[in-house]
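# Analysis of the macromolecular model
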Amino acid sequence: MSVKVETKPSTQQSTAGRSNIQVWVQKLIAQRYLQVMALLGVAWMVVFNYIPMYGIIIAFKEFDIIHSISDAPWVGFDHFKEFLEDDSLGYVIKNTIGMSLIKLVIGFPLPILFALLMNELRSMIFKRWVQTITYLPHFLSWVVLGGIMATWLSDVGIVNKILMGLNFIQEPITYLAEPKYFWGIVITSDIWKELGWSAIIYLAAISSISPELYEAATIDGAGRGQKMWNITIPSIKGTISILFILAISGVLNSNFDQILVLRNQLNETSSNVIDVYVYQVGLLSGRYSYAAAVGLIKSVIALILLLGANSVTKRLNNTSLF
C-alpha cells in the first residue's frame, strides 16, 4: 500500500514567494544603475512636489510670514467665500475662460495641421528652414517677445504703418491701450510663439508610422490628401487625445508671463485673469492664505476637468491617461 505525501499549500506558497523575491532582487541588482537614476527622480518629486503640499493648509488659516504655519489661526473656508463673493470675480473668470477656450479651439488644431503639412514637404533643406523659423520664438522669453509686440503694436509701429499703407485704417491705433484688442493680441502672439514647438510631438508620432502603409495606399491609387486623412491622422489619434486631455485640464491656466508683460491699466478689464488676480490681491498685498485658497480652487477644478476629459476620450476612442 503506497502512501502519498502531500505538500502543504502554505509551504508551496512560501517557497514561491521566496523565489519571486530572489528574482526581484536579482533584477534589481542587474538594473542598479537605472534604479539609482529612477530613485533620484522619485526623490526630486517627493522633495519638490509632495512635501510642499503641506503648505496647502494655509488656505484654511490666516498665515503671515512672521509666524509659522502651525501657529497661524484657523479661519476655515473664509478665504474661499471671500473669493466667490468678490465683485471682480465675474470678469476675471470671463477673461480667463474666454481666452483659454479660444486658444483651445484655434490654437490646439493648428499644430496638428502644421505637422501634417510639414510631413508632406519633400525638400529637406526647405523643411529645416521652416522648422528653425517656427521653433525659434519658443526659445525667447515673454519679456523679449512682449517688448517686440509692444513696439510693433504702438502708434508708430510696423502694424499701423502696414495697415495705413493699405488704407485699412486712416489713423494709427494704440492696440495695447484698447481692451477690445487684447484677447486677439494674446491669442495671436501665443500661437506665433508656440506653433512650431507644439508640432514637435505630432511630427515625432508621424515619423513612427510604418512606411508600408503609405506604400500600400500608393499602390491602391490614394493621393496625398487621402493618405493624410486615412493613415496619418488615425495613426496619431492617441497622441492627439492625450494632449487634448492635458489642454482641457489647463483651461483655467493663463500664460501669466505673457499677460503680465502685455497688460497695462488701460486694458485691465480684458487682461485681469485669475493668475494676475492672485498675484495682485494675494501676493503683492501679502495675503498668502487668500492666494493659496484661490490656487486650491483652481487645482480642484483642473482635476475635475482632467478626470472628465479622460473619461470622455476613453469612452470615445479607448484612449486615456489612466
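What this report covers is the structure whose coordinates are included nearby. All values derive from a computational prediction rather than experimental measurement.

## Describing the side chain of Lys298
When you line up the elements, Lys298 lands in helix α16 (residues 288-317). Once residues within four sequence positions are removed from consideration, Lys298 is found in contact with Leu252, Asn253, Ile274 and Asp275.

## A closer look at the packing of aromatic side chains
Following the criterion strictly, the structure yields 12 aromatic pairs and no others. Residues Phe77 and Phe80 carry aromatic rings whose centres are separated by 5.7 Å and whose planes lie at 50° to one another, so their mutual orientation is tilted. A relative accessible area of 53% means that Phe77 is categorised as exposed. For Phe80, a relative accessible area of 11% puts it in the buried group. Among the aromatic side chains, those forming a connected cluster through ring pairs are Phe60, Phe77 and Phe80. One residue, Arg287, lies across the ring of Tyr290, its end atom 4.4 Å from the ring centre.

## Examining the packing of helix α4 (residues 89-107) against helix α9 (residues 179-207)
Interhelical geometry of α4 versus α9 gives an angle of 40° and a closest axis separation of 10 Å. With respect to each other, α4 and α9 are oriented oblique. In terms of crossing hand, the pair formed by α4 and α9 is right-handed. In this structure, α4 contributes Lys94, Asn95, Gly98, Met99, Ile102, Lys103, Ile106 and Gly107 to the contact, and α9 contributes Phe182, Trp183, Val186, Ile187, Asp190 and Ile191. A per-class count over the contact of α4 with α9 returns eight nonpolar, three polar and three charged.

## Looking at helix α5 (residues 109-119)
Inspection of α5 places Pro111, Ile112, Phe114, Ala115, Leu116 and Met118 among the buried residues, and these make up the whole buried set. Packing partners of the buried residues in α5 comprise α4, α6 (124-135), α9, α11 (224-235) and α12 (237-249).

## Quick word on the pattern of salt bridges
Between side chains of opposite charge, pairing is possible as soon as their charged atoms come close. Taken as a whole and assessed by the stated rule, the structure comprises five salt bridges. One salt bridge connects Lys193 with Glu194, and the closest N-O pair in it is separated by 3.2 Å. This pair shows no difference in class: Lys193 is buried, exactly as Glu194 is. For the salt bridge of Lys298 with Asp275, the shortest nitrogen-to-oxygen distance reads 2.7 Å. Remark: Asp275 occurs in helix α15 (residues 274-284) and Lys298 occurs in helix α16; sequence separation between them is 23 residues. One network of salt bridges, with partners in common, ties together Glu120, Arg122 and Arg224.

Rules used in this analysis
- For every chain, the first residue of its written sequence is number 1, and the numbers climb from 1 along that sequence.
- In view of the model being predicted, local features appear only for residues whose pLDDT reaches at least 70, and side-chain atom pairs are presented and counted only at 80 or more, with totals across whole chains, interfaces and linings using the full set of residues.
- As a rule here, side-chain values come from all non-hydrogen atoms in the structure, and water together with hydrogens is ignored.
- For the purposes of this entry, the term helix denotes a DSSP run of H or I that reaches at least four residues, the term strand denotes a run of E that reaches at least two, and both are numbered from the N terminus.
- Only heavy atoms enter the contact rule, under which two residues are in contact if any of them lie within 4.5 Å.
- Ring geometry is summarised as follows: Phe, Tyr and Trp rings, the Trp one being its six-membered ring, pair when their centres sit within 6.5 Å, and such pairs are stacked at plane angles under 30 degrees, edge-to-face over 60 and tilted between the two.
- Whether a residue is buried, partly exposed or exposed follows from its accessible area with a 1.4 Å probe, protein chains only, as a fraction of its type maximum: under 20%, in between, or over 50%, in that order.
- Two limits define a charge over a ring: the Lys NZ or Arg CZ must be within 6 Å of the ring centre, and within 35 degrees of the ring normal.
- Only the stretch in contact is used when fitting a helix axis, every axis being a line fitted to C-alpha atoms; angles between N-to-C directions are given from 0 to 180 degrees.
- Angle categories are assigned with fixed cut-offs, so that under 35 degrees is roughly parallel, over 145 is roughly antiparallel, 65 to 115 is roughly perpendicular, and the rest are oblique.
- Handedness of a helix crossing follows the sense of rotation of the near helix relative to the far helix, less than a right angle counterclockwise being left-handed and clockwise being right-handed.
- We call Asp, Glu, Lys and Arg charged. Ala, Val, Leu, Ile, Met, Phe, Trp, Tyr, Cys and Pro are nonpolar, and the rest, Gly among them, are polar.
- A side-chain nitrogen of Lys or Arg and a carboxyl oxygen of Asp or Glu constitute a salt bridge if their distance falls within 4 Å.

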